[in-house]
Every structure is written in structure tokens, then in C-alpha cells.
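Listed here are the chains, written in short residue letters.
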Amino acid sequence: MQLVNRIDPAMPVGAYQTYSITAPRDVTVVAACEQVGCEAWARGWDSVIDESTDLGKTQAAYIRGQSGRTFREMKTEAGLTVFRFEAHQRCFAEHRTRPEIYLVRDGDHRGNPTGRQRQHARPADWVEDFGDHQQRIAEQAERG
């Protein structure tokens, strides 16, 4: 195991806050297309369906009647049906990603003397909290 080199803190452990982002091992959750950078979501996509088969008939009926997605329908010279879906709508794949935990706790690497910690539900909230904390530190440094 590699030892960590740290500068000795200038203040007691209770004077610090630690901001961390972690992802639990071996855990995945269903995620939205936008969240995982889905190409189909970003650019749109074509689904080419052969309606001469039972599977193709079922797929086409679902797209037309139940999918809830915006599309244009065309036919190829070979008689296949092309459904052209606009960008920025959920594709038909189920995407999975590892969840991230946005945590703020009192203390530093020496421990958390109060045991207080909070978990942000949204990354933007964690970023805002971190920015506000940095601003408070800068203002205190200016005052001396």
C-alpha cells in the first residue's frame, strides 16, 4: 500500500470540511439517455423494421401506437419501414450507470469529530455548496 504524503494541517480537525464524490462498487442503476451520453439521444436515430415478419409487425405497431416518441416514417425500395426519431428523446435501450454519492462531512483525513455529514441529492447542489464554502474561506482570509 502506498503511503500518502500530507502537509500537516494548520488548524484543528474541527475547522475543516471534506467534500467527496464516490461511487459504490458493483452497483448500477437505470439512467436516462442524457445522463450517460447516449448517441441516439444526442443525434436521433433510425429504426429499420421489416413488417413482413411477425416481429416487425409487433415492433412497428408499438412504435406507432405506444412508444410516445416523435418520428417520421418512410419506406425503402426494399419495402422496409424506416422510423426516423428526432434527437433529445429517450431511445429504446435501457442504460445503466454507477450512482455517485455527493457527500460533505466535518473534519479532514484525521477524522470527523462531530460525526456530522450530509449527502446532496443533485451534483449541482454539491457544487454550489462547495463554491459557497470556498467563498467563505476566501472572505475569512481577506479579513485576516
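Residues numbered from 1 in each chain as written. Predicted model: local features only at pLDDT ≥ 70, side-chain atom pairs only at ≥ 80, totals over all residues. Heavy atoms only, no water.

1. Some points on the pairing of strand β7 (residues 101-106)
Examined bridge by bridge, strand β1 (residues 17-22) and β7 share six bridges and lie antiparallel to one another. Its bridge partner being in β7, T22 is matched across the sheet by I101. By the bridge criterion, four bridges tie β7 to strand β8 (residues 117-120) in an arrangement that is antiparallel. Paired with R105 across the two strands is Q117, which belongs to β8. (Pairing = 2+ DSSP bridges. Helix = DSSP H or I, 4+ residues; strand = E, 2+ residues; numbered from the N terminus.)

2. Regarding the sheet that holds β1
Strand pairing in a sheet relies on backbone hydrogen bonds. The paired strands run either parallel or antiparallel. Pairing within the open sheet is antiparallel, and its three strands lie in the order β1-β7-β8. Each edge of the open sheet is held by one strand with a lone partner, namely β1 and β8. The sheet shows a mean angle of 20 degrees between the axes of neighbouring strands, direction not considered. Sitting on the sheet, helix α4 (residues 123-143) is in contact with β1, β7 and β8, with an inclination near 155 degrees to β1. (Axes fitted to C-alpha atoms, helices over the stretch in contact; angles between N-to-C directions. Contact = heavy atoms within 4.5 Å.)

3. With respect to the nonpolar core
One finds C33, C38, A40, W41, W45, I49, A60, I63, F83, F85 and C91 forming the largest nonpolar core, which totals eleven residues. Going through the elements one at a time, α2 (39-43), β3 (45-49), α3 (54-65) and β5 (81-85) are the ones with two or more residues in this core. When near neighbours in sequence (up to four residues on either side) are disregarded, F85 contacts G44, W45, S47, I63, R69, T70, F71 and F92. (Core = buried A, V, L, I, M, F, W, Y, C linked by side-chain atoms within 4.5 Å. Buried < 20%, exposed > 50% of the residue type's maximum accessible area, 1.4 Å probe, protein only.)

4. Notes on the packing of aromatic side chains
One pass over the structure, following the stated rule, counts ten aromatic pairs. With 6.2 Å between their ring centres and 55 degrees between their planes, Y102 and W126 make a pair best called tilted. Of the two residues, Y102 sits in strand β7 while W126 sits in helix α4, which places them 24 residues apart along the sequence. Judged by relative accessible area, Y102 falls into the buried class, the value being 8%. Ring pairs connect the aromatic residues W45, Y62, F71, F83, F85 and F92, which therefore count as one cluster. (Phe/Tyr/Trp six-rings, centres within 6.5 Å; stacked < 30°, edge-to-face > 60°.)

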